[in-house]
Amino acid sequence: MNTIFGEQGECLIGIEKSDYYSLEHPVQLAEYCIIVIHKGDGIYHADFTSFNFSGPIILFSTPLQSIYIENCKNIEYTIVKFHGDFYCIEAHRDEVACNGLLFNNIYLEPSLSLSQQQHEDFHKVLNHLQEELKDPNSSPMILKSYLQVILAKCSTAKLRTMEKQDLTLAKDQQMEQFRVLLDQKYLTLHKPNHYAEILGISANTLTKKSIKYFGKTPSQLIQDRLILEAKKKLHLTTLSIKEIAYELQFSDEYYFSRFFKKHTQISPQVFRNKGGISQVAYLSK
């Protein structure tokens, strides 16, 4: 057995391999996914973001993202899936700072290129995790420990990669300012020209620079920022859909639901039902 299920039949933690599980067509999984590409290449699609990759590399996806791999060539991969009810990345952010780094970041490409040595190290941990999953007497504590090791290794390697990139790539100060503005103003400023005006550039220039720097248009980033906040509130709070719509400054919950479904293919309620409400939501009460 490679999967542990919860009382409602949901996957709490599991491992799938490319021999038996295909990502060639869009799927929306209720779990966080760590996709270790051992070899091969293709195009990874996660919602409206896509990029070329070549193994060995690790790809990441958050619950109920629409993901698939296009133009797969000689690809071999292992998927580690875990539900927020089994391991809450927000509750463990002090031990594993992966929330906002590996997952739930609209600016960073959800990937981590691996050296051959890193790939071998990850392969060993994956094998240990799989052996534990096969053991009917395995402890959830042991499974969480292996998962935490994988997440911690990914986070550390991602941070080191970013530090190297900062040393070699010149930062675009206007785009960094746009990032800050977006995080501050996303609730009230919904059009690219609003940000362009503050930055003192044309909307066309903002679009060109944003695509070059972030790989996304300003409109995509604005929408992604709103959706990210909506997902956080659905998963990390017990607020009603109506209350979340109000906090995100939508005119009513129906407009919010239509907006959310347009960009995620599912309604806010379905997202909450499948992803669950994090234990953090109850601890903060």
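Below you will find a few notes about this structure. Treat the numbers as computed from the prediction; the structure is a model and nothing was measured. (Residues numbered from 1 in each chain as written. Predicted model: local features only at pLDDT ≥ 70, side-chain atom pairs only at ≥ 80, totals over all residues. Heavy atoms only, no water.)

1. Examining unusual backbone geometry
In this structure, the amide linkage connecting Gly55 to the following residue, Pro56, adopts the cis form with an omega of 0°. Among the structural elements, Pro56 can be located in the loop between β5 (49–54) and β6 (57–61). Located in the positive-phi region is Leu64, a residue other than glycine, with phi close to 65°. Relative to the helices and strands, Leu64 resides in the loop between β6 and β7 (66–82). For Leu64, a relative accessible area of 3% gives the class buried. A positive phi angle, close to 55°, is found at Asn104, a residue other than glycine. Looking at the element boundaries, Asn104 is found in the loop between β7 and β8 (111–113). (Helix = DSSP H or I, 4+ residues; strand = E, 2+ residues; numbered from the N terminus. Buried < 20%, exposed > 50% of the residue type's maximum accessible area, 1.4 Å probe, protein only.)

2. Points about the packing of aromatic side chains
Per the counting criterion, the structure on display carries 15 aromatic pairs. For the pair Tyr44 and Phe51, a centre-to-centre distance of 5.6 Å together with 70° between the ring planes defines the contact as edge-to-face. Seen from their ring centres, Phe60 and Phe103 are 5.7 Å apart, and the 85° between their planes marks the pair as edge-to-face. In this pair, Phe60 sits in strand β6 while Phe103 sits in the loop between β7 and β8, placing the two residues 43 residues apart along the sequence. The ring of Phe86 carries the charged tip of Lys144 above its face, separated from the ring centre by 5.3 Å. Here the basic side chain of Arg225 rests over the ring of Tyr186, its NZ or CZ set 4.2 Å away from the ring centre. (Phe/Tyr/Trp six-rings, centres within 6.5 Å; stacked < 30°, edge-to-face > 60°. Lys NZ or Arg CZ within 6 Å of the ring centre and 35° of its normal.)

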